[in-house]
Amino acid sequence: MTDAPRRILVCIKRVVDYNVRVRVDNERTGVVTDGVKMSVNPFDEIALEEALRIRERGDADEVVVCAVGSSDWQQQLRTGLAMGADRAVLVETGTSLEPLAVAQTLHAVVQREAPMLVLLGKQAIDGDNNQTGQMLAALWGRPQATFASSIVLSGESARVEREVDAGLEVLDVDLPAVVTTDLRLNEPRYVKLPEILKAKRKPLDVVPLGELGVDAGRRFRVVRVEEPPRRGRGIQVDTAEQLVAALDEKGVL
Amino acid sequence: MARVLIVAEHDGSSVLQSTAKCVACAAQMEPEAVDVVVFAGDPDSAARLGGQAAGIEGVTRVLAIADPANAHAVAAVLAPQIVDTAREYSHVLGPSTTFGKDLMPRVAALLGVGQISDIMAVEAPYRFRRPAYAGNVIETVECEPDGMLVGTVRAASYRPSPAASSPAPIEQRETSADLPRHTLFVELKAQQADRPDLQTASRVVAGGRAFGSAENFALVEQLAEKLGAAVGASRAAVDAGYASNDLQVGQTGKVIAPDLYVALGISGAIQHLTGIKDARTIVAVNRDPEAPIFEIADIGLVADVFEAVPALIAALEQRRR
Ligand SMILES: Cc1cc2nc3c(=O)[nH]c(=O)nc-3n(C[C@H](O)[C@H](O)[C@H](O)COP(=O)(O)OP(=O)(O)OC[C@H]3O[C@@H](n4cnc5c(N)ncnc54)[C@H](O)[C@@H]3O)c2cc1C
Ligand SMILES: Nc1ncnc2c1ncn2[C@@H]1O[C@H](COP(=O)(O)O)[C@@H](O)[C@H]1O
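Basis of the calculations
Residues numbered from 1 in each chain as written. Chains lettered and ligands numbered in written order. Predicted model: local features only at pLDDT ≥ 70, side-chain atom pairs only at ≥ 80, totals over all residues. Heavy atoms only, no water. Near = heavy atom within 4 Å. Polar contact = N/O pair within 3.5 Å; in protein donor to acceptor, adjacent residues only side chain to side chain. Areas by Shrake-Rupley, 256 points an atom, 1.4 Å probe, with all protein chains shown as cover. Helix = DSSP H or I, 4+ residues; strand = E, 2+ residues; numbered from the N terminus. Domains from an automatic or database assignment. Contact = heavy atoms within 4.5 Å. Buried area = accessible area lost by both parts, 1.4 Å probe. Nonpolar A, V, L, I, M, F, W, Y, C, P; charged D, E, K, R; others polar. Pairing = 2+ DSSP bridges. Axes fitted to C-alpha atoms, helices over the stretch in contact; angles between N-to-C directions. Expected span 1.5 Å × (residues − 1). Buried < 20%, exposed > 50% of the residue type's maximum accessible area, 1.4 Å probe, protein only. Patch = residues over 30% accessible without salt bridge, like charges linked within 9 Å, V, L, I, M, F, W, Y side chains within 5 Å. Salt bridge = Lys/Arg side-chain N within 4 Å of Asp/Glu carboxyl O. Core = buried A, V, L, I, M, F, W, Y, C linked by side-chain atoms within 4.5 Å. 1 Å grid on protein atoms, 1.4 Å probe; cavity = no way out; pocket = protein on both sides within 12 Å on 5 of 7 lines; lining within 4 Å. Points joined across faces, edges and corners; volume = space filled by probe spheres on them.

Caption draft 1: A look at the site of ligand 1. Among the 30 residues in the neighbourhood of ligand 1, the closest are listed as Arg209, Ser234, Val249, Ser267 and Asn286 of chain B. Chains contributing residues near ligand 1 are chains A and B. Thr252 of chain B is positioned with one of its side-chain polar atoms (N or O) 2.8 Å from a nitrogen atom of ligand 1. Residue Asn286 of chain B places a side-chain N or O atom 2.8 Å away from an oxygen atom belonging to ligand 1. Here ligand 1 has 980 Å² of accessible area as a free molecule, and 86% of this is covered by the chains. Those elements that provide at least two residues to the shell around ligand 1 are α1 (42-56) of chain A together with α6 (235-239), α7 (270-273) and α8 (305-320) of chain B.

In structure tokens form, the structure reads like this:
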């Protein structure tokens, strides 16, 4: 054992709020984000909540929130600080990065911060990629436990319960490790006003992406974005008997 | 020309349908070869599971890799073995199930290549359609046709490739990769399996917050029983403990494409709807005529579930006679 602080790194993405109904932009290559409410990705809020609970139990000393994005993203990092993170790191970049480049960038941050645990959301609700945590774990050569619904630290390892298609899978992973969060891990706390004010004085480091030596080139090109065909409203029936008759008519029974 | 490697998903005794769906997706890539790699804990299982994979139409060759470390699918253990095998391929595919979602990005990062998640259609070997924003938009994404590409295949978008008339050859391979020991599989707490499987069922009956308790949720199961359907649930119903987590349908649960989906007391949040968009017929029962679920339902019934569900069961029984 060393005396280095037991640190948890939580990765945060700024996304269109989950309540917003997104619209395709005029160029048909993205969605409208102007004037649209932006929030911390819901899974990342869960990741941060978990980190805070681990620290509050005395199993960690410090919680650092990290984002790879434009200067606007400071807003979401401040939200993280207001929730209770100790400090924040923004790796600043003008262009949006693909998951592999984000993972490479986070890997560089991990090298600097030497966390015992890195928590990410299982997926960002904009791209729905569900890649970054697994990629980071691969680059770092460390264990991954994705879709966590329970995390228990004990000494040099963690027992994680994962939500998988067949039920719940239990893994023991050596630390340091990467864990991605599912919805049922916890319910994030609400931020209170005094904390928002306090968060303004907490440290937020800005590191230009160029300083980390990451190749942030894009591999993929989005050539078109469109709305899926809409399912129209069907018929309305008044009774259970009519419903069964309607199903019969459609030949689904 | 595409040379595709597919990572088979199995539960220890059977290769899952998700694998045959990956083969169906690969068939759209003008493939020169479609090989399937099967990982198993011992040579017997490798032969048996390999045999099943070899029986899928469109498979060129099966690579079976037996090693005690492969007894359970641990991403950190499987990924380096896939990387070892992957060099001669242009595309490496896995299913967009929790198995593939966990594993494939780890493979992609070790290979130093990007991943396309949730392929729903192949427009060209390096051009794909995929959903984003909880299925509210469909992106068409392309990349340079030189490097290697990793992808996951959205199961709800594909019908499984049928059985082959003659099986593909099977090659036993050994692992030369250095396998990590930092991750230990402890157990799988599986849910009771006496109902049809949610992901492959042709009919699904799902319940939402309206049921109010696990006891009341039994009504959903009763109707499912009558219809020979699998049971599904909204996130609210799972969070409240009425149904187990593996029954959740939606953006963060399962994306399904049954012939019939019956939504009982589910409001129809976008995160839920994204999981059922490909269902052929959607039926909704909700007491709120303004519930968004009615906007996409083919047949809607404004009613209280506690009255409508027993009445539906009775009407179905009536019909049988
Ligand atoms: C990041 C993220 C991911 C999510 N992923 C998912 C997901 O994968 N799947 C999912 O389902 N949700 C998901 N959600 C949650 C989603 O937004 C909704 O909160 C959830 O789907 C609501 O479940 P519900 O329809 O059962 O409950 P409610 O929205 O509370 O709806 C209950 C419905 O029942 C009706 N009702 C009540 N009583 C009766 C009665 N007696 N008879 C008839 N009708 C009645 C009401 O009119 C209402 O329409 C996600 C949310 C977020 C933020
Ligand atoms: N630009 C980013 N900055 C920080 N964290 C990110 C970024 N992109 C993705 N993540 C993290 O990776 C998780 C999965 O994202 P994705 O792979 O894009 O679905 C998110 O929930 C975040 O925790």
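Read on for the rest.
Caption draft 2: Examining the domain arrangement of chain B more closely. Residue and element names in this part refer to chain B. One can read the domain layout of chain B as domain 1 (3-173) and domain 2 (203-320). One C-alpha centre belongs to domain 1, the other to domain 2, and the line joining them spans 32 Å. Each side of the interface is counted separately: domain 1 has six residues, and domain 2 has nine residues. Of the roughly 650 Å² buried where domain 1 meets domain 2, counting both sides, 38% is carbon and sulfur surface. Sorting the residues of domain 1 by area buried against domain 2 places Ala134, Arg154 and Ala156 first, and these three jointly supply 63% of that buried surface. Viewed at the interface, domain 2 and domain 1 are joined by three residue pairs in polar contact (both at pLDDT 80 or more). By residue class, the composition of the side of domain 1 that touches domain 2 is two nonpolar, two polar and two charged.

Caption draft 3: Spotlight on the sheet that holds strand β13 (residues 230-233) of chain B. Read from one edge to the other, the open sheet built from six strands follows the order β13(A)-β16(B)-β15(B)-β14(B)-β12(B)-β13(B), with strand pairing classed as parallel. The sheet is open, and its two edges are formed by β13 (235-237) of chain A together with β13 of chain B, each paired on a single side. Within the sheet, the average angular offset between the axes of one strand and its neighbour, ignoring direction, is 20°. Strand contacts of helix α6 (residues 240-250) of chain A: β13 of chain A together with β14 (260-264), β15 (281-286) and β16 (299-302) of chain B, with the helix running at about 175° to β16 of chain B, the strand carrying the most contacts. On top of the sheet, helix α5 (residues 214-227) of chain B reaches β12 (203-207), β13 and β14 of chain B; it is set at about 170° to β12 of chain B, its chief contact.

Caption draft 4: Focus on the site of ligand 2. Residues and elements named next belong to chain A. In the region of ligand 2, 18 residues are neighbours, and Cys11, Asp44, Ala124, Asn130 and Thr132 sit closest. Note that an oxygen atom of ligand 2 is positioned 2.8 Å from one of the backbone N or O atoms of Asn130. Considering ligand 2 on its own, with 480 Å² of exposed area, one finds that the protein chains cover 97% of that surface. Every element with two or more residues in the shell around ligand 2 is listed here: β4 (62-69) and β6 (117-121). The leading source of residues in the shell around ligand 2 is β4, at three residues.

Caption draft 5: Focus on helix α3 (residues 99-113) of chain A. In this model, α3 of chain A (15 residues) spans 20 Å end to end at C-alpha, consistent with the 21 Å of a helix rising 1.5 Å per residue. Of all 15 residues making up α3 of chain A, twelve are buried, and the element is well covered by its neighbours. Turning to α3 of chain A, its buried residues number three or more, namely Pro99, Leu100, Ala101, Val102, Ala103, Thr105, Leu106, His107, Ala108, Val109, Val110 and Glu113 of chain A. Where α3 of chain A is buried, its residues meet β1 (7-11), β4, β5 (87-92), β6 and α4 (132-140) of chain A together with α4 (98-111) of chain B. Looking one or two places after α3 of chain A, you find Ala114 of chain A, whose phi comes out positive at around 45°.

Caption draft 6: Looking closely at a nonpolar patch on the surface. All names here are of chain A. A contiguous nonpolar surface patch, about 330 Å² in accessible area, is contributed by Val191, Leu193, Ile196 and Leu197. On the secondary structure map, Leu193 appears in helix α5 (residues 193-199). By relative accessible area, which is 59% here, Leu193 ends up exposed.

Caption draft 7: Molecular detail of the nonpolar core. Core analysis: the biggest nonpolar cluster contains 52 residues, and Val118 of chain A together with Val7, Ile82, Val92 and Leu103 of chain B have the highest contact counts within it. Per element, the largest residue contribution to this core is eight residues, and it comes from α3 of chain A. When sequence neighbours within four positions are dropped, the list of residues in contact with Val92 of chain B reads Leu5, Val7, Ile82, Ala86, Met104, Met148, Leu149, Val150 and Gly151 of chain B.

Caption draft 8: Up close: empty space enclosed by the protein. All chains considered together, the criterion is met by two cavities of 30 Å³ or more. By volume, the largest cavity is sized at about 100 Å³. Around the largest cavity, the lining is made up of 14 residues, and of these Tyr18 and Ile125 of chain A together with Tyr133, Ala134 and Ile270 of chain B lie nearest the centre. Elements with a minimum of two residues in the lining of the largest cavity: β2 (14-16) of chain A together with α7 of chain B. Classifying every residue of the lining of the largest cavity gives nine nonpolar, three polar and two charged. When residues of the lining of the largest cavity are sorted by domain, at least three fall in each of domain 1 (3-173) and domain 2 (203-320) of chain B. Computed from the structure, the second largest cavity encloses a volume of approximately 70 Å³. Contributing to the lining of the second largest cavity are Leu243, Val244 and Leu247 of chain A together with Leu223, Leu227, Leu260, Val262, Val283, Leu312 and Leu316 of chain B.

Caption draft 9: Representation of the pairing of strand β8 (residues 137-143) of chain B. Burial runs high along β8 of chain B: six of the seven residues are buried. Two elements, strand β12 (residues 220-226) of chain A and β8 of chain B, share six bridges in a ladder whose sense is antiparallel. If you follow Glu226 of chain A over to β8 of chain B, its bridge partner there is Ile138 of chain B. In this structure, strand β7 (residues 127-132) of chain B lies alongside β8 of chain B, joined through six bridges in antiparallel fashion. Residue pairing in the sheet places Phe128 of chain B in a bridge with Val141 of chain B of β8 of chain B. If you look at the hairpin formed by β7 of chain B and β8 of chain B, you'll find four residues sitting between the two strands, and Tyr133 of chain B has a positive phi there, around 45°.

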